[in-house]
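Residues per chain, in single letters:
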Amino acid sequence: QLARIQTDSVVEMLRELYPDLRIEIVAMSTTGDKILDTALSKIGEKSLFTKELENALERHEVDLVVHSLKDLPTSLPPGFTIGAVCKRENPLDAVVFHPKNCGKTLSLLPEKSVIGTSSLRRAAQLKKKFPQLEFRDIRGNLNTRLKKLDEKEDFSAIILAAAGLKRMGWENRIGQLLSPEDCLYAVGQGALAVEVRAKDQEILNMVSALHDADTVLRCIAERAFMKRLEGGCSVPVAVNTMLKDGQLYLTGAVYSLDGSDSLKETMQTSVNYPQQNEDGPNDDVQHVGITAKNVPGQAQEAAENLGVELATLLLSKGAKHILSVARQLNDA
């Protein structure tokens, strides 16, 4: 349902821009949708929610695919690119409480209360912050997870992305928004990506009107950070970005699975560059899988360098060890 709502919102934007465009929506399910009894971090497949969709794109059965950007690997298969990153919804994580805990916050829950989350990133940060609580895996789409919460007594609360709840019209279920001090969010969280064939200029030009420049720069920095760390959903990597007065700020962190070990730093860079007419071969430069023709190339480069530099700093302080231990424990 959420995937459909997200797709419809992109179609709506395209129809407003191109009233004569005929758009047909093709629904598909992916490996990630089918394997529901295993934690995402255990399946070990990078392209869990994307492979089947990319196959259809390659066969020209579809021309564009709408994803949650946080589901897209930082390196796309050859021949594909993210042709649009839409304006980001609130990227924060939200707590949804069991009806009997209505009005509470995580710190007010009784000791040993069980919190559901399938994200290693959320669990690592919250275990550290709330050692009195227990964290357990919960899988399934949003509807399924809310149903599991409401109809059983297994969970006192579950953690979800605020963006998904908002898009579903369930904002009233948000009992607590987790600030970046409590829980840094996932790379790309809250942003929608439109994936297209990299060589399909006509489609690329059409969807590039959907790019939101601020979101593009923030997400390039986040994805570059993740890529340099070689993080995926099997390790706890988290970020927070802000663009203010031409300065891009990136906070990035890595955690051990139980949150006891962590590294966190913040860096900034100027992204205040004019748009140049960059005609010619540089036309389709990708930055961590994103092609954004209408965002200044120098700004994109600065954002990517910021992500790489911050990751390099964390690696020099021992991030590689934290992440490899986390990966081994998770695999075990």
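Being a predicted model, the structure only gives us computed values, none of them experimental. (Residues numbered from 1 in each chain as written. Predicted model: local features only at pLDDT ≥ 70, side-chain atom pairs only at ≥ 80, totals over all residues. Heavy atoms only, no water.)

### Describing the domain arrangement of the chain
In plain terms, the rule: Domain boundaries shown here were taken from an automatic or database domain assignment. Buried area, as used here, totals the accessible surface that two parts lose on assembly, with accessibility defined by a 1.4 Å probe and the loss added over both. For this analysis, a salt bridge means a side-chain nitrogen from Lys or Arg found within 4 Å of a carboxyl oxygen belonging to Asp or Glu. We define a polar contact as two N or O atoms separated by no more than 3.5 Å, with the added condition that, inside protein, one atom must be a possible hydrogen donor and the other a possible acceptor, whereas residues neighbouring each other in sequence contribute only through side-chain atom pairs. Only DSSP runs of H or I with at least four residues qualify as helices, and only runs of E with at least two residues qualify as strands; both kinds are numbered from the N terminus onward.
The domain boundaries assigned to the chain delineate domain 1 (1–90 + 187–331) and domain 2 (93–177). The straight-line distance from the C-alpha centre of domain 1 to that of domain 2 is 25 Å. Across the interface of domain 1 and domain 2, roughly 2100 Å² is buried in total on both sides, 56% from carbon and sulfur atoms. Ranking the residues of domain 1 by area buried against domain 2 places Leu-2, Glu-89 and Gln-189 at the top, with a combined share of 23%. For the pair domain 1 and domain 2, the interface holds 1 salt bridge. Its salt-bridge partner being Glu-89, residue Lys-166 comes within 3.2 Å of it at the nearest N-O pair. At the surface where domain 1 touches domain 2, the tally comes to 7 residue pairs in polar contact (both at pLDDT 80 or more). For the side of domain 1 that touches domain 2, the elements supplying multiple residues, two or more each, are helix H1 (2–17), helix H3 (40–43) and strand E9 (237–244).

### Overview of helix H4 (residues 51–58)
Convention followed: When accessible area is computed with a 1.4 Å probe and restricted to protein chains, residues below 20% of their type maximum are described as buried, those above 50% as exposed, and intermediate ones as partly exposed. Starting at the helix axis, one direction is taken to each C-beta atom, and the arc is that of these directions. Contacts are residue-level and defined by heavy atoms, with any inter-residue pair within 4.5 Å sufficient.
Of all the residues in H4, the buried ones are Leu-53, Glu-54, Ala-56 and Leu-57. Considered in projection along H4, the buried side chains sweep an arc of 155° and stay on one side of the axis. At its buried positions, H4 is contacted by strand E1 (65–68), strand E2 (80–85) and strand E8 (192–197). His-60, located one to two residues past H4, shows a positive phi value of around 60°.

### Quick word on the sheet that holds E9
Consider a sheet: its strands pair through backbone hydrogen bonds, and that pairing is either parallel or antiparallel. Counted only if it meets this: Strands are treated as partners if at least two bridges between them are detected by DSSP. Lines fitted to the C-alpha atoms define the axes, with helices restricted to the stretch that makes contact. Angles between their N-to-C directions range from 0 to 180 degrees.
Here 3 strands make up an open sheet; going across it, the order is E9-E10-E11 and the pairing antiparallel. Where the open sheet ends on each side, the last strands, each with one partner, are E9 and strand E11 (262–270). On average, each strand axis in the sheet is inclined to that of its neighbour by 15°, with strand direction left out of account. Here 9 bridges tie strand E10 (residues 247–255) to E11, and the two strands are oriented antiparallel to one another. When the sheet's bridge partners are listed, Tyr-249 is paired in E11 with Gln-268. Packed onto the sheet, helix H9 (residues 213–229) meets E9 and E10 and runs at close to 150° relative to E9.

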